[in-house]
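# Observations on chain architecture
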Amino acid sequence: MDDDCIFCKIIAKELEADFVYEDSEIVAFKDIHPAAPVHLLVVPRKHISTLMDLQDDDVSLMGRLHGVVNDLARAFKLDKKGFRVVINCGKDAGQVVYHLHLHLMGGRPLLRDIAKGQGT
Ligand code: 5GP
Ligand code: ZN
């Protein structure tokens, strides 16, 4: 756990969030500023700052994160119409929270030219 990390605090239940999924490695909760009718954040419990900080032994975790996205897409009825999955990495992508997370967005047609987790 990184003491300065807002997502570590959410995972540790020190801060509130609207959780939609939890297991031993992964949690998912609703984005506090949703950019789409469904906007979930799928987050490893392990503190990994950015996609560039992945280690070789995180490969299976990345696979599992996508599996959880898939399950949540079905649970939130996005699987038929489609959805967007975004990872912002670093400053130019506008990454705000430096704890790796996947944005899962859907529930309406999303703009094609903005693939970011905010303001789509
Ligand atoms: P990124 O780092 O990829 O730009 O996005 C971080 C996302 O986390 C943003 O969409 C923002 O709305 C969301 N976020 C930031 N702080 C909180 C929080 O305290 N709770 C929740 N549920 N979402 C947050
Ligand atoms: Zn963290």
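Thresholds, definitions, all that
Residues numbered from 1 in each chain as written. Chains lettered and ligands numbered in written order. Predicted model: local features only at pLDDT ≥ 70, side-chain atom pairs only at ≥ 80, totals over all residues. Heavy atoms only, no water. Core = buried A, V, L, I, M, F, W, Y, C linked by side-chain atoms within 4.5 Å. Buried < 20%, exposed > 50% of the residue type's maximum accessible area, 1.4 Å probe, protein only. Helix = DSSP H or I, 4+ residues; strand = E, 2+ residues; numbered from the N terminus. Contact = heavy atoms within 4.5 Å. Donors = N, O, S within 2.8 Å, 3.2 Å for Na, K, Ca; no water. Tetrahedral: all angles 85-135°; square planar, octahedral: opposite > 155°, others 65-115°. Phe/Tyr/Trp six-rings, centres within 6.5 Å; stacked < 30°, edge-to-face > 60°. Pairing = 2+ DSSP bridges. Axes fitted to C-alpha atoms, helices over the stretch in contact; angles between N-to-C directions. 1 Å grid on protein atoms, 1.4 Å probe; cavity = no way out; pocket = protein on both sides within 12 Å on 5 of 7 lines; lining within 4 Å. Points joined across faces, edges and corners; volume = space filled by probe spheres on them. Nonpolar A, V, L, I, M, F, W, Y, C, P; charged D, E, K, R; others polar. Near = heavy atom within 4 Å. Polar contact = N/O pair within 3.5 Å; in protein donor to acceptor, adjacent residues only side chain to side chain. Areas by Shrake-Rupley, 256 points an atom, 1.4 Å probe, with all protein chains shown as cover.

With that out of the way, let us pick up the nonpolar core. In this structure, Ile26, Val42, Leu65, Leu72 and Leu104 are the most contacted members of the largest nonpolar core, which totals 17 residues. Of all the secondary structure elements, the ones that give two or more residues to this core are strand S2 (26-30), strand S3 (38-44), helix H2 (59-75) and strand S5 (102-106). No other element matches H2, which puts seven residues into this core. Other than its neighbours up to four places away in sequence, isoleucine 26 contacts Tyr21, Val42, Val43, Pro44, Arg45, Leu61, Arg64, Leu65 and Val68.

Further remarks concern the coordination of the zinc ion (ligand 2). For the zinc ion (ligand 2), every protein donor is listed as Cys5 (SG), Cys8 (SG), His47 (ND1) and His99 (ND1), and the spread of their distances is 2.0 to 2.3 Å. Coordination at the zinc ion (ligand 2) comes from four donor atoms whose angles at the metal span 106 to 116°, giving a geometry best classed as tetrahedral. Here histidine 99 falls in the buried class, since its relative accessible area comes to 0%.

Another aspect to go through is the packing of aromatic side chains. Throughout the structure, instances matching the rule amount to two aromatic pairs. Ring centres 5.3 Å apart and planes at 85° place the aromatic pair phenylalanine 7 and phenylalanine 29 in the edge-to-face group. With phenylalanine 7 in helix H1 (residues 6-11) and phenylalanine 29 in strand S2, this pair connects stretches of sequence that are 22 residues apart. Judged by relative accessible area, which is 7%, phenylalanine 7 ranks as buried. With a relative accessible area of 2%, phenylalanine 29 lands in the buried category. Seen from their ring centres, phenylalanine 19 and phenylalanine 29 are 5.7 Å apart, and the 65° between their planes marks the pair as edge-to-face.

Attention shifts here to the sheet that holds S5. Sheet strands line up and pair through hydrogen bonds in the backbone, either parallel or antiparallel. Strands sit in the order S1-S2-S3-S5-S4 across an open sheet of five strands; the sheet is antiparallel. On the outer flanks of this sheet lie strand S1 (19-22) and strand S4 (83-86), each paired with one strand and no other. Between one strand axis and the next, the sheet turns by 15° as a mean value, whatever way the strands run. In this structure, S4 lies alongside S5, joined through four bridges in antiparallel fashion. Across the sheet, residue valine 86 finds its bridge partner in S5, namely histidine 103. Of the strands in this sheet, S1, S2, S3, S4 and S5 are in contact with H2, which crosses S3 at around 155°.

Below, the discussion takes up the layout of surface pockets. Over the atoms, a rolled probe matching the size of one water molecule traces out where space is still vacant. Volume-wise, the second largest pocket comes out at about 180 Å³. Together, Lys77, Leu78, Lys81, Gly82, Phe83, Arg84, Gly107, Arg108, Pro109 and Leu110 line the second largest pocket. Among the residues making up the lining of the second largest pocket, the classes are represented as four nonpolar, two polar and four charged.

Taken together, 18 residues lie near ligand 1, and Lys30, Asp31, Val96, His101 and His103 sit nearest. Contacts to ligand 1 include histidine 103, whose side-chain N or O atom sits 2.7 Å from an oxygen atom. For ligand 1, whose free accessible area comes to 520 Å², the fraction covered by protein is 90%. Contributing elements (two or more residues each) for the shell around ligand 1: H1 and S2.

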